[in-house]
There are 2 protein chains.
Amino acid sequence: MHDTAFIALDWGTSSFRLWLIGHDGRVLAERRSAEGMTTAAATGFEAVLEGHLADLGVPATVPALACGMVGARQGWVEAGYVDTPARLTGIAAGAVRVPGIARDVRILPGIARRDPAAPDVIRGEETQILGALAAHGLQAATLCMPGTHSKWGRVAEGCLSAFSTFMTGELFAAVTGHTILAHAVAGAPDDEDMEAFRQAVAAALAAPARIANLLFQVRGGQLLFGRGAAAARETISGSLIGLEIAGGHTADGSELVLIAAGRLARLYGVAFDVAGLPHRVIDADAAVLGGLSLAARSIWPSRT
Amino acid sequence: MHDTAFIALDWGTSSFRLWLIGHDGRVLAERRSAEGMTTAAATGFEAVLEGHLADLGVPATVPALACGMVGARQGWVEAGYVDTPARLTGIAAGAVRVPGIARDVRILPGIARRDPAAPDVIRGEETQILGALAAHGLQAATLCMPGTHSKWGRVAEGCLSAFSTFMTGELFAAVTGHTILAHAVAGAPDDEDMEAFRQAVAAALAAPARIANLLFQVRGGQLLFGRGAAAARETISGSLIGLEIAGGHTADGSELVLIAAGRLARLYGVAFDVAGLPHRVIDADAAVLGGLSLAARSIWPSRT
């Protein structure tokens, strides 16, 4: 792929994604694998990357730009943090070059909120936000990026002023895997019970402080009313997503933007509808690729 | 112990407690073990009970009264539920006798809240409430019984009108054991960081809907401010207890009664102080024993 301008890498804790981007900005090839930071820290980051690039025939003269946990302290090279308020177009300037290797590989920094009353960090989502807002010409927005650690952010005049992490996905996994409710969801069919999901979102929005009780009602509902495993799973999911929206969203007149893909995009979309919150959906993969491309153009202007 | 009037049993999921009560109402002997329902379901409930009673020399003519999960479907004999609103002095009438054994052993029912919008069950705590209110001459109260599954109840004119389970203790175990925060609490010293606990209670009371973010701030606080493992543990504990109080307590003018023992009594007492909620503390062990004794006197009036 001698016409590759640069390599874009979204390298998270448990996933690795690589795109080859042409001089005209188009995607020439794509690779996805489970060789995230955790795996690559054991097998070697350079070996993982160069293995894919050798398969694709990309010479060592083509540079690569990465975002995500690959820049954490336990990643390849620590890329540090830009502090809030952070101008999104400025993160490229904080990219750190991986030393001692043939290829020019740079890693974008994360963003830190050094507020003693609400300390928080993101790594990867800042690149999604950059790409999402640029693609849609937005200078201001309230952003929701659902996941294991959902992120909510506020952008005004192109600056990320504040953000918060909600460990919604991880709470779902812990509650359904490691509490008495594991019995309640066991054997749930693939078919979703979206009515149970909607009811749970509404209940959590109405009484978020009662979340520890709303979750336990799943057990009461099975014992006393014979409710099924799919209803249990969707009730837990809807309760936790409703809780996140109740805590994460504050009406300030800015547009609500959901950056997500697949099942999470669908579930959060339904939850926002239950909450009566109009929102725009931006595909998460397109967003991160757009952000990496913007940053790459500012780092290597002559290549793109 | 030929002067034993009856045997009182608090038989929960993971614990077994036995008291021999004399004709004058005094405790003649006590046994505690980890032979809860889960263990006894495998080894045999009668074998567990009679093993202890043989050691103590209690003849088969002495009856026994039990409360707790021993009366669940997966327990010794299912004792069913009394529905809310439930007169506390009436639960003895719902006791179920274990069939086919020499000794007269009876198990008290639980209480069910058959509200489709808030289905809930308790088993064991109803006996604590009975004993606690009787010992203190209370006819009305708001009750908090902290634990793996904390219970909040409302009693008026001697009736339990409604109650709710908050899975606070189990959430603490799941969050500290099975999420990214397991790293944050690893190696925490025994010394408690009570200032971190108080701050976390206050933060959760102020913004309970943000609990999934308040928990994640533990990680942010370690990454950005080098906070320690004890602070992490007490922040998680305080956040979840503050959340429970925010959701469980509604001011209705009734006295707030905390039925608890040991560390939980202390932590919830501090949390109620942070919340500015005056409360009375009643020892949980004394409460359950008092409730079992009251019920036993109504079942076997000639023995007591």
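Residues numbered from 1 in each chain as written. Chains lettered and ligands numbered in written order. Predicted model: local features only at pLDDT ≥ 70, side-chain atom pairs only at ≥ 80, totals over all residues. Heavy atoms only, no water.

- Going by the annotation in an unreviewed UniProt entry, the name recorded for chain A is 2-dehydro-3-deoxygalactonokinase, with Tistrella mobilis given as the source organism.

Examining the sheet that holds strand β10 (residues 120-122) of chain B
Strand pairing in a sheet is mediated by backbone hydrogen bonds. Such pairs are either parallel or antiparallel.
Okay, so step 1: Read from one edge to the other, the open sheet built from three strands follows the order β5-β9-β10 (chain B), with strand pairing classed as mixed. At either end of the open sheet lies a strand with only one pairing partner, and these are β5 (81-83) and β10 of chain B. Adjacent strand axes in the sheet meet at a mean angle of 30 degrees when their direction is disregarded.
Okay, so step 2: In terms of strand pairing, β5(B) meets strand β9 (residues 110-113) of chain B through three bridges, oriented parallel. Residue pairing across strands places B:V82 opposite B:I111, the latter belonging to β9(B).
Okay, so step 3: Sitting on the sheet, helix α7 (residues 211-225) of chain A is in contact with β5, β9 and β10 of chain B, with an inclination near 85 degrees to β10(B). (Pairing = 2+ DSSP bridges. Helix = DSSP H or I, 4+ residues; strand = E, 2+ residues; numbered from the N terminus. Axes fitted to C-alpha atoms, helices over the stretch in contact; angles between N-to-C directions. Contact = heavy atoms within 4.5 Å.)

Focus on the environment of A:A132
Residues and elements named next belong to chain A.
Okay, so step 1: Position of A132 among the secondary structure elements: in helix α3 (residues 125-135).
Okay, so step 2: Residue A132 is classed as buried on the basis of its relative accessible area, which comes to 0%.
Okay, so step 3: Along the backbone, A132 and D285 are 153 residues apart, and their C-alpha atoms lie at a distance of 9.8 Å.
Okay, so step 4: For A132, the residues in contact, after removing those within four places along its chain, are I259, I282 and A287. (Buried < 20%, exposed > 50% of the residue type's maximum accessible area, 1.4 Å probe, protein only.)

Remarks on the relation of the copies chain A and chain B
Okay, so step 1: Overlaying chain A with chain B gives an RMSD of 0.0 Å, the required rotation being 180 degrees about an axis along which the chain moves by 0.0 Å. What the superposition gives is, in effect, a two-fold axis relating one chain to the other.
Okay, so step 2: The fraction of interface residues of chain A whose copies in chain B are also interface residues reaches 100%, indicating that both copies meet through the same surface. (Least-squares fit on C-alpha atoms with pLDDT ≥ 70 in both.)

Things to note about the interface of chain A and chain B
Okay, so step 1: Counting residues at the interface gives 48 residues for chain A, matched by 48 residues for chain B.
Okay, so step 2: Summed over both sides, the interface between chain A and chain B buries roughly 3900 Å², with carbon and sulfur atoms accounting for 68% of that surface.
Okay, so step 3: Together, A:M167, A:F216 and A:L224 form the three largest contributors to the area buried by chain A at its contact with chain B, with a combined 16%.
Okay, so step 4: The interface formed by chain A and chain B includes zero salt bridges. (Buried area = accessible area lost by both parts, 1.4 Å probe. Salt bridge = Lys/Arg side-chain N within 4 Å of Asp/Glu carboxyl O.)

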